[in-house]
Amino acid sequence: MQNDISLDSFFDEFKKMRDHVMTLETRGRELVQREEIYRQMVHSANSIILSWDTEGKITFFNQFAQHFFGYSEAEIIGHNVLETIVPKEDSEGVDLVELMKQIRTHPENFINNENENIKCNGERVWISWTNKPIYDNKGKFLEILSVGNDITQRKKLEDELARYASTDMLTGALNRRFGEEFLQRSLEDAHLQKQTLSIAFLDVNNLKKVNDIYGHNEGDELIRLTADTIMKTIRKQDRLCRLGGDEFLIIFPKCNMQQAKELWQSANTALEALNILAKKPYKFSVSHGLVSYDSKEPLPDYKLFIKQADELMYEDKRAQKAKLGEVPR
């Protein structure tokens, strides 16, 4: 949903009403105080309207905002926007403390912004905000007037469309295109922020045998259960990407080789347990290859980075076949 009103149009209407009230007063009509009329106008608006000062404390909260967020005027006025209507982090881990600081420090850069907010009952909502800095007659910045509208449903639809565009439908992992884009961005971030990053190239063993003996539906189940088990064991910031067929890639941001080995061992242990829990007539196992990037090194091409891990995966596959007495190919 788009903003029902802009701040400029709101002020235009406000000024028109003020002029109208003054005209009526000069004609001798008996009216209540102008301030009360203005207050009623703002409180009756079908949008969130609030003011907050340079410290982040709320100085005004209209009735629509009170109803929407679940706070009375007495409960909210004088309290900071943080941890009342703005969480410290959004659901994706974005630092909203820093965002609020930037808006207060440089309000001219945030005339329009969208961010996740939180109601009194803990419900997360997305609001589209239009912000106008308020100055005194000497040009001193006093506070920010913010008008907001609920865009939660729009964001949910956008997120759902993005999920379909970026997700492998069988497994719920990232598809190849978005997985490679995520890796490329993550490598660039690691380089700029002086961090490490690791990846694991995975190949699900025996998919062809399962397809040939038990059918493709069971082969899909092998892939799905393997991916699901891995996604449940990796960290929140990690991503599993299905490159195609039986090949996957795990991207471990902010992770050195030793940490990646430990994370993979946890995932592999969970896969071994799946052989007991799933009660399937075939074995769950994966060949893997791990490579790590350190920001002290030149930034690698992400395709060559994947290729290095792929080559190490084949070494692991040959070693597993040799251990089982199979002829390596």
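Residues numbered from 1 in each chain as written. Predicted model: local features only at pLDDT ≥ 70, side-chain atom pairs only at ≥ 80, totals over all residues. Heavy atoms only, no water.

Caption draft 1: Region of the structure containing the overall build of the chain. From N to C terminus, the chain includes 11 helices and 9 strands. For the chain, the proportion of its 329 residues judged to be buried stands at 42%. Excluding contacts between residues fewer than 6 apart, the proportion of contacts in the chain whose partners are at least 24 apart in sequence is 56%. A total accessible area of about 18,800 Å² is found for the chain, and carbon and sulfur atoms account for 50% of it. (Helix = DSSP H or I, 4+ residues; strand = E, 2+ residues; numbered from the N terminus. Buried < 20%, exposed > 50% of the residue type's maximum accessible area, 1.4 Å probe, protein only. Contact = heavy atoms within 4.5 Å. Areas by Shrake-Rupley, 256 points an atom, 1.4 Å probe, with all protein chains shown as cover.)

Caption draft 2: Broad picture of the packing of helix α8 (residues 207-214) against helix α9 (residues 216-233). Two numbers describe how α8 lies on α9: the axes approach to 7 Å, and their chain directions differ by 145°. Crossing geometry of α8 relative to α9 is assigned as right-handed. Contacts between α8 and α9 involve Leu207, Val210, Asn211 and Tyr214 from the first element and His216, Glu218, Gly219, Leu222 and Ile223 from the second. (Axes fitted to C-alpha atoms, helices over the stretch in contact; angles between N-to-C directions. Left-handed = near helix turned anticlockwise from the far one by under 90°.)

Caption draft 3: Spotlight on the nonpolar core. Counting 27 residues, the largest nonpolar core has Leu202, Ile230, Leu240, Ile250, Phe252 and Trp264 as its most contacted members. Broken down by secondary-structure element, the contributors of at least two residues to this core are β6 (196-204), α8, α9, β8 (247-253), α10 (257-277) and β9 (286-294). Among the elements that make up this core, the one with the highest residue count is α10 (6 residues). Counting residues in each nonpolar core, the second largest holds 24 residues, with Phe69, Val81, Ile85 and Leu96 among its members. (Core = buried A, V, L, I, M, F, W, Y, C linked by side-chain atoms within 4.5 Å.)

Caption draft 4: Just unusual backbone geometry, in detail. A positive phi is found at Lys194, a non-glycine position, where the angle reads about 55°. Despite not being glycine, Asn206 has its phi angle at roughly 70°, a positive value. Relative to the helices and strands, Asn206 is located in the loop between β6 and α8. Residue class for Asn206 comes out partly exposed when judged on its relative accessible area of 35%.

Caption draft 5: Seen up close, the environment of Gly289. Counting through the fold element by element, Gly289 comes out in strand β9. For Gly289 and Ile306, which are 17 residues apart along the polypeptide, the C-alpha to C-alpha distance reads 9.5 Å. Once residues lying within four places of it in the same chain are set aside, the contact partners of Gly289 are Ile199, Ala200, Phe201, Ala309, Leu312 and Met313.

Caption draft 6: Region of interest: the pattern of salt bridges. Following the criterion strictly, the structure yields 15 salt bridges and no others. A salt bridge links Lys119 to Glu123, with the shortest nitrogen-to-oxygen separation between them at 3.6 Å. The exposure class assigned to Lys119 is buried, which follows from its relative accessible area of 17%. By relative accessible area, which is 38% here, Glu123 ends up partly exposed. In this structure, Lys317 and Asp203 form a salt bridge, with 2.9 Å as the shortest nitrogen-oxygen distance. With Lys317 in helix α11 (residues 302-323) and Asp203 in strand β6, the pair connects residues that are 114 residues apart, well separated along the chain. Among the residues examined, Lys317 registers a relative accessible area of 14% and is labelled buried. What you see here is one network of salt bridges that share partners, running through Glu114, Arg154 and Glu158. (Salt bridge = Lys/Arg side-chain N within 4 Å of Asp/Glu carboxyl O.)

Caption draft 7: Structural detail: the packing of aromatic side chains. This structure, assessed with the given rule, holds 6 aromatic pairs. An angle of 50° between the planes, with centres 5.8 Å apart, marks the rings of Tyr135 and Phe141 as tilted. Residue Phe141 is classed as buried on the basis of its relative accessible area, which comes to 19%. With 5.6 Å between their ring centres and 55° between their planes, Tyr282 and Phe284 make a pair best called tilted. Given a relative accessible area of 3%, Phe284 falls into the buried group. Each member of the aromatic cluster is reached from another via a ring pair, and the members are Phe61, Phe64, Phe68 and Phe69. Against the face of Phe68 rests Lys119, its NZ or CZ located 4.5 Å from the ring centre. (Phe/Tyr/Trp six-rings, centres within 6.5 Å; stacked < 30°, edge-to-face > 60°. Lys NZ or Arg CZ within 6 Å of the ring centre and 35° of its normal.)

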